[in-house]
Amino acid sequence: MTTVTAGYDGCPSWAPLFGYMGAASCTVLANFGSAWGTWKAGVGVCNMGVIYPQGVIKNIVPIVMAGVLGIYGLIVSVIITQAISEPGATNNNTYSVYNGYAHLAAGLCCGCSCLAAGGTIGIIGDVGVREFGNKASGGKRAWATGAEDDSGGTSAVVAAEDANKLYVGLLIMLIFSEALALYGLIVALILSQHSYVCKAN
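Residues numbered from 1 in each chain as written. Predicted model: local features only at pLDDT ≥ 70, side-chain atom pairs only at ≥ 80, totals over all residues. Heavy atoms only, no water.

Enquirer: If you had to explain the overall build of the protein chain to someone new, which residues and values would you point to?
Expert: Helices and strands together make up the secondary structure of the protein chain, namely five helices and two strands. Put simply, the protein chain runs from its N terminus to its C terminus through helices and strands in the order β-β-α-α-α-α-α. The buried share among the 201 residues of the protein chain stands at 41%. When contacts within the protein chain are restricted to residue pairs at least 6 apart in sequence, long-range pairs at least 24 apart make up 89% of them. (Helix = DSSP H or I, 4+ residues; strand = E, 2+ residues; numbered from the N terminus. Buried < 20%, exposed > 50% of the residue type's maximum accessible area, 1.4 Å probe, protein only. Contact = heavy atoms within 4.5 Å.)

Enquirer: An account of the side chain of Ser 77 is needed here, citing residue identities and associated values.
Expert: Locating Ser 77 in the fold gives a position in helix H2 (residues 61–83). Sequence-distant contacts of Ser 77, that is, excluding residues within four places in its chain, are made with Ala 23, Cys 26 and Thr 27.

Enquirer: I'd like a rundown of a nonpolar patch on the surface, residues and numbers included.
Expert: On the surface, a cluster of nonpolar side chains totalling about 600 Å² of accessible area is made up of Phe 32, Trp 36, Trp 39, Val 43, Ile 123 and Val 127. Broken down by element, the residue count for the nonpolar patch peaks at four residues, all from helix H1 (residues 15–51). Positionally, Phe 32 belongs in helix H1. (Patch = residues over 30% accessible without salt bridge, like charges linked within 9 Å, V, L, I, M, F, W, Y side chains within 5 Å. Areas by Shrake-Rupley, 256 points an atom, 1.4 Å probe, with all protein chains shown as cover. Salt bridge = Lys/Arg side-chain N within 4 Å of Asp/Glu carboxyl O.)

Enquirer: Residue-level account of the environment of Ala 23, with values.
Expert: One can find Ala 23 in helix H1. Placed 88 residues apart in sequence, Ala 23 and Gly 111 show a C-alpha to C-alpha distance of 9.2 Å. Leave out the neighbours within four places in its chain, and Ala 23 touches Ser 77, Ile 80 and Thr 81.

Enquirer: Mind laying out the packing of H2 against helix H3 (residues 97–137), listing which residues take part and the relevant values?
Expert: H3 packs onto H2 with a crossing angle of 175° between their chain directions and a minimal axis gap of 9 Å. Between H2 and H3, the interaxial angle falls into the category roughly antiparallel. Residues Pro 62, Met 65, Ala 66, Leu 69, Tyr 72, Gly 73, Val 76, Ile 80 and Ala 83 of H2 lie in contact with H3, whose contacting residues are His 103, Ala 106, Gly 107, Cys 110, Cys 114, Ala 117, Gly 118, Ile 121, Gly 125 and Val 129. For the contact of H2 with H3, a count of residues per class yields 14 nonpolar, five polar and no charged. (Axes fitted to C-alpha atoms, helices over the stretch in contact; angles between N-to-C directions. Parallel < 35°, antiparallel > 145°, perpendicular 65-115°, else oblique. Nonpolar A, V, L, I, M, F, W, Y, C, P; charged D, E, K, R; others polar.)

Enquirer: How would you summarise the side chain of Ser 192 if you had to cite specific residues and measurements?
Expert: Mapped onto the elements, Ser 192 comes out in helix H5 (residues 153–192). Taking the relative accessible area as the measure of exposure, Ser 192 reaches 9% and is therefore buried. Engagement of the side chain of Ser 192 in a polar contact is seen with the backbone oxygen of Leu 189, the distance being 2.8 Å. Ignoring anything within four residues of it in the chain, the contact list for Ser 192 reads Ile 79, His 103 and Ala 106. (Polar contact = N/O pair within 3.5 Å; in protein donor to acceptor, adjacent residues only side chain to side chain.)

Enquirer: Which residues make up the packing of aromatic side chains, and what values do they have?
Expert: Inspection of the entire model under this criterion finds four aromatic pairs. Both rings, one in Trp 14 and one in Phe 18, keep their centres 5.9 Å apart while their planes meet at 70°; by these two values the pair is edge-to-face. Overall, the relative accessible area of 44% leaves Trp 14 in the partly exposed class. Measuring from ring centre to ring centre gives 6.2 Å for Tyr 52 and Phe 132, while their planes differ by 70°; the resulting arrangement is edge-to-face. Separated by 80 residues along the polypeptide, Tyr 52 in the loop between H1 and H2 and Phe 132 in helix H3 bring together distant segments of the chain. According to the relative accessible area criterion, Phe 132 is buried, its value standing at 3%. The structure contains a cluster of three or more aromatic residues connected by ring pairs, namely Trp 14, Phe 18 and Tyr 101. Taking the ring centre of Trp 39 as reference, the NZ or CZ of Lys 40 above it sits at 5.7 Å. (Phe/Tyr/Trp six-rings, centres within 6.5 Å; stacked < 30°, edge-to-face > 60°. Lys NZ or Arg CZ within 6 Å of the ring centre and 35° of its normal.)

In structure tokens form, the structure reads like this:
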């Protein structure tokens, strides 16, 4: 049996449940945020591609940034899972409740941050790339006019310059949206380093 202090077992058999819950919730929430952001931004890119096909590759950035969120969740989940120790040779549990609570907090911190960041990136990316296409095309539709080349005279050049100014603002918003997930990742890494291991009698 593990050490019992004042009638309280610091390393009960159910303690690893919280650690695995932290790892699972981190992966699920981070992937949900990544999928949400990719879905919303992807719809916007497809819509913009019909209006202004030349800007499709340039506006893939929101989709890439949303995809990174799943990697954040994977990193934290792997760290948490590796920190969950097995019972000792005498079936004594060495994984403490302290570790379980810390790992659950780390998983929820990273997962919820990635979920919020994914929604923000998706909505900003959706609206941003649509308006970029409208601005760059001057309100015209490539499929209706057949103008899929880069030529178009002075008006096309002015429209492209205005669209680039909008694109800079879009990138800044996306960067700060991604930072939300990065903050959660940093705090989760700090939380996962807190550890208390029970010693067998």
